[in-house]
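# Fold and geometry: a report
Now for the letters of each chain:
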Amino acid sequence: MNWKAWLKAAGVRAIKTIAQTAIATIGTAAALGQVDWMFVLSASVLAGLLSLLTSVAGLPEVDNGASPLDGKHVKDESVDDYKD
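Notes on the structure follow.

### Remarks on helix H2 (residues 37-55)
Helix length check: H2 (19 residues) gives 27 Å between terminal C-alpha atoms against 27 Å at 1.5 Å per residue, within 8%. For H2, the complete set of buried residues consists of Val 40, Ser 44, Ala 47, Gly 48, Ser 51 and Ser 55. The buried residues of H2 occupy one face: seen down the axis, they fall within an arc of 100°. Across from the buried face of H2, at angles greater than 90 degrees, the exposed residues are Met 38 and Leu 53.

Here is the structure:
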């Protein structure tokens with residue numbers, strides 16, 4: 001398992017998830033007339049954490065979707081978009 005590639009891919013996914021959640025929460029709250037910034041922050045951070053935990057099951061961008069915890073070390077360079 002290429003841990004550096006996995007961390008990078010999982011981090012990118014988590015940041016995108018945080019941004020999407022913040023935008024959706026702000027948009028919904030604005031439509032209701034008041035934005036609760038603590039709610040936006042907490043919902044976004046929770047979404048990012050859940051994204052990281054979900055990534056433990058495996059990411060298609062890294063090692064053919066292998067989980068970092070499964071102990072398999074199958075490497076296919078053609079699929080690893082996050083290699084350095």
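More follows now that the structure is in view.
### Section: the packing of helix H1 (residues 3-32) against H2
Two elements in contact, H1 and H2, have axes whose closest approach is 8 Å; the angle formed by their N-to-C orientations is 150°. It follows from the interaxial angle that H1 and H2 lie roughly antiparallel. The two elements H1 and H2 cross, and the hand of that crossing is right-handed. Residues Trp 6, Ala 10, Gly 11, Arg 13, Ala 14, Thr 17, Ile 18, Thr 21, Ala 22, Thr 25 and Ile 26 of H1 lie in contact with H2, whose contacting residues are Trp 37, Phe 39, Val 40, Ala 43, Ser 44, Ala 47, Gly 48, Ser 51, Leu 52 and Ser 55. Class assignment of the residues belonging to the contact of H1 with H2 gives a composition of twelve nonpolar, eight polar and one charged.

### With respect to the packing of aromatic side chains
Following the criterion strictly, the structure yields one aromatic pair and no others. Ring centres of Trp 3 and Trp 6 lie 6.0 Å apart, and the angle between their planes is 70°; this geometry places the pair in the edge-to-face category. Taken together, the positions of Trp 3 and Trp 6, both in helix H1 and three residues apart, correspond to about one turn of that helix. By relative accessible area, which is 8% here, Trp 6 ends up buried.

### Topic: the side chain of Thr 25
Mapped onto the secondary structure, Thr 25 falls in helix H1. On the basis of relative accessibility, which here comes to 11%, the residue Thr 25 falls in the buried class.

### What about the pattern of salt bridges?
A complete count under the given rule lists one salt bridge for this structure. Between Arg 13 and Glu 61 there is a salt bridge; the shortest N-O distance is 3.1 Å. Residue Arg 13 is found in helix H1, and its partner Glu 61 is found in the segment after H2; the two are separated by 48 residues along the sequence. Residue Glu 61 is classed as buried on the basis of its relative accessible area, which comes to 15%.

### Observations regarding the side chain of Ser 51
Inspection of the secondary structure puts Ser 51 in helix H2. Leave out the neighbours within four places in its chain, and Ser 51 touches Arg 13, Ala 14 and Thr 17.

Basis of the calculations
- Residues numbered from 1 in each chain as written.
- Predicted model: local features only at pLDDT ≥ 70, side-chain atom pairs only at ≥ 80, totals over all residues.
- Heavy atoms only, no water.
- Helix = DSSP H or I, 4+ residues; strand = E, 2+ residues; numbered from the N terminus.
- Expected span 1.5 Å × (residues − 1).
- Buried < 20%, exposed > 50% of the residue type's maximum accessible area, 1.4 Å probe, protein only.
- Arc of directions from axis to C-beta.
- Axes fitted to C-alpha atoms, helices over the stretch in contact; angles between N-to-C directions.
- Parallel < 35°, antiparallel > 145°, perpendicular 65-115°, else oblique.
- Left-handed = near helix turned anticlockwise from the far one by under 90°.
- Contact = heavy atoms within 4.5 Å.
- Nonpolar A, V, L, I, M, F, W, Y, C, P; charged D, E, K, R; others polar.
- Phe/Tyr/Trp six-rings, centres within 6.5 Å; stacked < 30°, edge-to-face > 60°.
- Salt bridge = Lys/Arg side-chain N within 4 Å of Asp/Glu carboxyl O.

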